[in-house]
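Breakdown of the fold
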Amino acid sequence: MEYEVIIGLEIHSELKTDSKLFCSCKNDFGGEPNTRCCPVCLGLPGTLPVLNRHALELAVRAGLAMNCKISGFSKFDRKNYFYPDMPKAYQTTQYNLPVCYDGYVEIEVDGITKRIGIERIHLEEDAGKLIHDAYGSGSLVDYNRCGVPLIEIVTRPEMNSAEEARALFETIKSILEYTGVSDCKMQEGSLRADVNLSVRPKGQKQFGTRTEMKNLNSIRAVYRASQAEAQRQIEILERGGIVYQETRRWDDRKGESMAMRNKEESMDYRYFPEPDLLPVIIGEEWVASVEKNMPELPRSRRDRYVNEFGIPKYDADLITMNKKLSDIFDRAVAVCGKPKLASNFIMTDIMRRINENGEEILDANLTGDNFGQVLLFLDRGDITHAAAIKVIDKIVETGEEPKHIIDGLELWVQRDEDLINNAVTSVLEANRPALDDFLAGKDKAFGFLMGQVMSKLKGKCDPAQVREVLMKEIDKSAGRQN
Ligand SMILES: [Zn+2]
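Residues numbered from 1 in each chain as written. Predicted model: local features only at pLDDT ≥ 70, side-chain atom pairs only at ≥ 80, totals over all residues. Heavy atoms only, no water.

**Overview of the coordination of the zinc ion**
Summarising the metal site, the zinc ion is bound by the protein donors Cys23 (SG), Cys25 (SG), Cys38 (SG) and Cys41 (SG), whose distances to it range over 2.3 to 2.4 Å. Viewed at the metal, the 4 donor atoms of the zinc ion are separated by angles of 99 to 115°, and the geometry they form is tetrahedral. Along the chain, the residues donating to the zinc ion fall in the pattern C-x1-C-x12-C-x2-C. With cysteine 25 in the loop between strand S1 (3-14) and helix H1 (53-65) and cysteine 38 in the loop between S1 and H1, the pair connects residues that are 13 residues apart, well separated along the chain. Residue cysteine 25 shares its accessibility class with cysteine 38, and that shared class is buried. (Donors = N, O, S within 2.8 Å, 3.2 Å for Na, K, Ca; no water. Tetrahedral: all angles 85-135°; square planar, octahedral: opposite > 155°, others 65-115°. Helix = DSSP H or I, 4+ residues; strand = E, 2+ residues; numbered from the N terminus. Buried < 20%, exposed > 50% of the residue type's maximum accessible area, 1.4 Å probe, protein only.)

Listed below in structure tokens is the structure:
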């Protein structure tokens, strides 16, 4: 039998605000435990929360970027549960009146564009963090993250493969980065996804029983967890078993999931309206002003690269998927004026470095300005391609100016004709047999002689110029021989 896989995602993203959602504590990753909290985010009696206007603006921005409707009237609710990472014993969130609803994003898989519905985007606060095993058998709690603003993005169950789930997560990540809504640092937990997945025999109208996998914190984990869970459910149905509605924990190291709790144990959160916060009334004018100040979205940037710069769509897609890389590219093109040279260099040499060393190299000293300068030198023939790569590596490592690096490593292309002539003459004298071989028709011998000259010049001369001089000298000695 053939099966259809149905996937919906719930994506939690921390917002890039200065302060927390309902108090003025600093919103920043890390810090000494329990140094970034106050009576409000610790939920002490008698305190009152005040909504962070910037957090609301970022949520609206995310909604507009995902083609959502913005609620004119929205409110906050309490989601009640007891857990030590939540000192108030409830989370302030939005239940039935989210800020944004009914939108969509477009994803592309194997060249086919598909629209995935966004059911809602709501604002809520993050919880603290439990630190286990730091002191023997006990657990410690750090409330620094308590009250950090989040948006939760809920998609419609409209993805039909792990590839589509991955594409959606990637697309939303890049939208959030471009709009400045979140820094999306997944290793710091500022972007994470829950995967809801069910399968059903092809043609069946009714949905199968779905499971939920929580807190996946990488694009790879979303992909692998979706693939493995679809496979697990299909295998159960194939042997006539029953898929239970449950929450599962994905273990990325083992590449498998295990049941955490089933439906019977699932919690009743007893949502009720937050009495300490006023409803949020959002005027159309304010929404219009947020929309006007919206940064360029990845799609339109990609189209600009294709239409204005003539870059292949595949390359433009890959470059724009990563905002930092795309910013570096944009600035480098402004500096060197050579979009194709810049994109070719990125697609080969920079991508290889990202694959080998991770995206962190984009945080480490490489900027559009210094990259653009290196390209300018390369384009003018002042340095060779091999030298340009050495300079980039050194920039990533030390952040030094390209010119200093090229001076220091003596990478400038030498145009001194005497230098080249002398090198050619001495190589020809020392390698008489190779010269004779070449003159006797062994073309390979030329490559050997060329290599000898380049190595004598320590690779610092323009290969085209060296080749020309070498050819001329060989012709001369051929003339002498005849
Ligand atoms: Zn606080």
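**A look at the packing of helix H13 (residues 432-439) against helix H14 (residues 444-456)**
Put simply, H13 and H14 touch, their axes get as near as 8 Å, and they point 145° apart. The two elements H13 and H14 cross, and the hand of that crossing is left-handed. Within the contact between the two elements, H13 uses Ala434, Leu435, Asp437 and Phe438 and H14 uses Ala445, Phe446, Phe448 and Leu449. Taken together, the residues of the contact of H13 with H14 break down into 7 nonpolar, no polar and 1 charged. (Axes fitted to C-alpha atoms, helices over the stretch in contact; angles between N-to-C directions. Left-handed = near helix turned anticlockwise from the far one by under 90°. Contact = heavy atoms within 4.5 Å. Nonpolar A, V, L, I, M, F, W, Y, C, P; charged D, E, K, R; others polar.)

**Considerations on the packing of aromatic side chains**
Given two aromatic rings, one states the distance between the centres and the angle between the planes to describe the pair. Applying the stated criterion to the full structure yields 10 aromatic pairs. When the ring of tyrosine 95 is compared with that of tyrosine 271, the centres are 3.9 Å apart and the planes differ by 15°; the resulting orientation is stacked. Highlighted residues: tyrosine 95 in the loop between strand S5 (90-93) and strand S6 (100-109) and tyrosine 271 in the loop between strand S14 (256-262) and strand S15 (272-273), separated in sequence by 176 residues. Taking the relative accessible area as the measure of exposure, tyrosine 95 reaches 43% and is therefore partly exposed. On the basis of relative accessible area, tyrosine 271 is assigned to the partly exposed category, the value being 29%. Both rings, one in phenylalanine 377 and one in tryptophan 412, keep their centres 5.1 Å apart while their planes meet at 90°; by these two values the pair is edge-to-face. Taken together, the residues phenylalanine 377 in helix H9 (residues 368-379) and tryptophan 412 in the loop between helix H11 (402-408) and helix H12 (417-430) connect sequence positions 35 residues apart. On the basis of relative accessibility, which here comes to 13%, the residue phenylalanine 377 falls in the buried class. Overall, the relative accessible area of 23% leaves tryptophan 412 in the partly exposed class. (Phe/Tyr/Trp six-rings, centres within 6.5 Å; stacked < 30°, edge-to-face > 60°.)

**Topic: helix H10 (residues 385-398)**
For H10, built from 14 residues, the straight-helix expectation of 20 Å at 1.5 Å per residue is met to within 8% by its first-to-last C-alpha distance of 20 Å. Buried residues along H10 sit against helix H8 (339-357), H9 and H11. Taken from the residues just after H10, glycine 399 is the one with a positive phi, measuring 75°. (Expected span 1.5 Å × (residues − 1).)

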